Amino acid sequence: MFASDVNPARDAGRVTTAGVVLFPIPFRWPHGGRSVFLSGSFNRWAELVPMSPVEGCPNVFQAVCAVSHGCHEFKFLVDGEWRHDERQPHKNGEYGIVNTFDALPIPAEVPQVQPCSEIPNNMEVDNGLTHRISAVTLNQVMPRISEVDVQASRHRISVFLAAHTAYELLPESGKVVALDVDLPVKQAFHILSEQGIPMAPLWDFYKGKLVGVLSASDFILILRELGNHGSNLTEEELETHTISAWKEAKAYMNGQIDGHGRPIPRNLIYAGPCDNLKDVALKILRNGVAVVPVIHSSSEDGSFPQLLHLASLSEILKCICRYFRHCSGSLPILQLPIYAIPLGTWVPRIGESNSWPFAMLRPTTSLSSALNMLVQAQVSSIPIVDDNDSLLDIYCRSDITALAKGRAYTHNLNEITVYQAMQLGQDSNSPCEARSQRCQMCLRTDTLHKVMEQLANPGVRRLVIVEAGSNRVEGIVSLTDIFRFLLG
């Protein structure tokens, strides 16, 4: 059940089923260590709760857990070794010797926090109360919300989105970059890098219409194909290989061919200016794309279309935040902390053997391995962390376009580290502001409203959830996560 080589889990406190009252209870480990975690019957022994050093008392670690009334057992994981506090009540349990305490409701009483010099050399559950937990502690009671309130909030957002159209997303001025399908692939990705954009619609002159999209994901697949010894695509051919030729080759690679062995053309996912925002958001979610082109055509057959805009979830979220900014109290779900709702991807908890591992990169990881992880995990970005799993940066699919400059893609990707690849991105012409926006953080205790406001900023597609102080990665929440939750 226990393991010493796991990543720290997210906070044990969370909203439980209606009727279960939880109280945030402080725990302490006063015997030192480099890394200390807590687990117990109050979280079903299913996760590790990271404990933080007390300021000015490096040997004292503390954490706050959500605990219900009743008898509880717990243990500490100190530097990879499971230990109990001998100065506290303990007994032989299912997991060896465990500490015990009773959480009993008594009249409210706010305990006084002792200074460091007065902290006794043993583990205490709430100073001044021996094995009895006050109903009022230094933190507020864990938030709860009924399913009725959740559905009511979702309904209000859905009604708002259905009443507004994609036309409202169009800026007063701006530009949209489209690429001709006869453009060489290498030149196309050079344009993406120069323009600082992750993708662009494709225009077929002979058909007189938009036929698809070229994205950073295509470049990743091309680089992986170049790395295969049996590849039919050489570096020299990449200089003259057209976008249309690549799309046809990609269809064969994916087995997207008809009974006559010809590639099956994929329909372009797009929206009209009169489509409502809910339908636009659902198109993005259901098709797994980052944006959808907003296209207007005055003819019935759709010929001679006008490319007006590229609609994204970020823009739609900005509309939601702007509309509900001064009446967020009418949406109860916006006041919930993100750890209390099913949102985002988190570092797996202990015992979640069936969950997908949370992907993280080290600066020394090869770029080839990083690209494989992006494809296999089907994610748009992976946090880059140090040996303590503290956040350093984040590597995104769109960063790969930086390799298009100066033929950097001709190097062996197994010999290029993620750190070196990030340096290439920093040397590109992408604005510094855009890079800083990519690597934005939030805390598990941040409200949904606050997280939405951050994600509504231009260029921000995800937030890395970190532990306060250490910046240890605990999860990641994206625009897609937000809309999947809001739209149910």
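First things first, this report covers the structure right here in the doc. Computed from a prediction, not measured in an experiment: that's the story for all the values here.

## Notes on the pattern of salt bridges
Applying the stated criterion across every chain, the model contains 9 salt bridges. With its nearest N and O atoms 3.2 Å apart, the salt bridge here joins arginine 325 to glutamate 453. Of the two residues, arginine 325 sits in the loop between α7 (313–324) and β14 (345–346) while glutamate 453 sits in helix α11 (residues 448–455), which places them 128 residues apart along the sequence. What makes arginine 325 partly exposed here is its relative accessible area of 39%. Within the structure, one salt-bridge network assembled from shared partners comprises Arg362, Asp387 and Asp389.

## What to know about the packing of aromatic side chains
Within this structure, the stated rule accounts for 9 aromatic pairs. With a centroid separation of 5.7 Å and an interplanar angle of 70 degrees, the aromatic rings of phenylalanine 160 and phenylalanine 324 are classed as edge-to-face. Here phenylalanine 324 lies in helix α7 and phenylalanine 160 lies in helix α1 (residues 147–162), a separation of 164 residues in the sequence. Classification of phenylalanine 160 as buried rests on a relative accessible area of 7%. Looking at phenylalanine 324, the relative accessible area reads 2%, which means it is buried. The interplanar angle of 80 degrees and the centroid separation of 5.8 Å between the aromatic rings of phenylalanine 205 and tyrosine 206 together place this pair among those described as edge-to-face.

## Concerning the sheet that holds strand β18 (residues 462–466)
If you trace the 4 strands from one edge of the open sheet to the other, you get β14-β19-β18-β17, paired in mixed fashion. Edge strands, defined here as strands with exactly one partner in the open sheet, are β14 and β17 (440–442). Pairing geometry for β14 and strand β19 (residues 473–478), over 2 bridges, is antiparallel. Note that in β19 the partner of threonine 345 across the bridge is isoleucine 476. Of the strands in this sheet, β14 and β19 are in contact with helix α12 (residues 479–486), which crosses β19 at around 65 degrees.

## What about the environment of isoleucine 264?
Tracing the chain through its elements places isoleucine 264 in the loop between α5 (243–253) and α6 (277–287). Judged by its relative accessible area of 42%, isoleucine 264 falls in the partly exposed class. Here the alpha-carbon distance between isoleucine 264 and alanine 251, two residues 13 residues apart in the chain, equals 7.2 Å. Apart from residues no more than four positions distant in its own chain, isoleucine 264 is found in contact with Gln256, Ile257 and Asp258.

## Regarding the nonpolar core
In terms of nonpolar packing, the biggest core is built from 47 residues, with Leu317, Ile320, Leu448, Met452, Ile482 and Leu486 touching the most fellow members. Of all the secondary structure elements, the ones that give two or more residues to this core are α1, α6, β12 (291–296), α7, α11, β18 and α12. Per-element tally for this core: the top contributor is α7, with 7 residues. When neighbours within four sequence positions are excluded, leucine 317 is seen to be in contact with Met452, Leu455, Ala456, Leu479, Ile482 and Phe483. By size, the runner-up hydrophobic cluster in this structure holds 33 residues, among which are Leu183, Ile220, Leu367 and Leu403.

## Considering unusual backbone geometry
The backbone of arginine 44 shows a phi angle near 65 degrees, a positive value even though the residue is not glycine. You can see arginine 44 is positioned in the loop between β2 (36–40) and β3 (49–54). Under the relative-accessibility criterion, arginine 44 is labelled exposed at 73%. Even without a glycine there, the phi angle at asparagine 471 is positive, about 60 degrees.

## Concerning the environment of valine 289
Assignment of secondary structure puts valine 289 in the loop between α6 and β12. Sequence-wise, valine 289 and serine 215 are 74 residues apart; in three dimensions their C-alpha atoms are separated by 9.8 Å. If we ignore the near neighbours within four places in the chain, the residues touching valine 289 are Lys283 and Ile284.

## Comments concerning the pairing of β18
Most of β18 sits out of view: 5 of its 5 residues are buried. Taking every second residue as pointing to the same face, both faces of β18 are buried, with Arg462, Val464 and Val466 on one and Leu463 and Ile465 on the other. In the classification by handedness, the crossover that spans β17, the intervening α11 and the parallel β18 is right-handed. In the sheet, β18 pairs with β19 via 5 bridges, with the strands oriented antiparallel. Its bridge partner being in β19, valine 466 is matched across the sheet by valine 473. Between β18 and β19, which pair antiparallel one after the other, the connecting turn spans 6 residues, and glycine 469 there sits at a positive phi close to 95 degrees.

## Observations concerning the sheet that holds strand β9 (residues 179–180)
Strand-to-strand pairing in sheets goes through backbone hydrogen bonds, with the strands running parallel or antiparallel. With mixed pairing, 3 strands are arranged side by side in an open sheet as β9-β10-β11. Only two strands of the sheet have a single neighbouring strand rather than two, namely β9 and β11 (209–215). Note: β9 against strand β10 (residues 199–204), 2 bridges, orientation parallel. Note that in β10 the partner of leucine 179 across the bridge is leucine 202. In this fold helix α2 (residues 185–195) packs onto β9, β10 and β11, with an angle of close to 75 degrees to the strand it touches most, β11. Sheet strands touched by α5: β9, β10 and β11. Its angle to β11, the strand with the most contacts, is close to 75 degrees.

## Here we look at the environment of valine 67
In this fold, valine 67 is placed in strand β4 (residues 57–67). Residue classification places valine 67 among the buried residues on the basis of a relative accessible area of 1%. A sequence separation of 42 residues divides valine 67 from isoleucine 25, and the C-alpha atoms of the two residues are 6.5 Å apart.

About the criteria used
- Residues numbered from 1 in each chain as written.
- Predicted model: local features only at pLDDT ≥ 70, side-chain atom pairs only at ≥ 80, totals over all residues.
- Heavy atoms only, no water.
- Salt bridge = Lys/Arg side-chain N within 4 Å of Asp/Glu carboxyl O.
- Helix = DSSP H or I, 4+ residues; strand = E, 2+ residues; numbered from the N terminus.
- Buried < 20%, exposed > 50% of the residue type's maximum accessible area, 1.4 Å probe, protein only.
- Phe/Tyr/Trp six-rings, centres within 6.5 Å; stacked < 30°, edge-to-face > 60°.
- Pairing = 2+ DSSP bridges.
- Contact = heavy atoms within 4.5 Å.
- Axes fitted to C-alpha atoms, helices over the stretch in contact; angles between N-to-C directions.
- Core = buried A, V, L, I, M, F, W, Y, C linked by side-chain atoms within 4.5 Å.
- Right-handed = clockwise from strand over helix to strand, strands pointing away.

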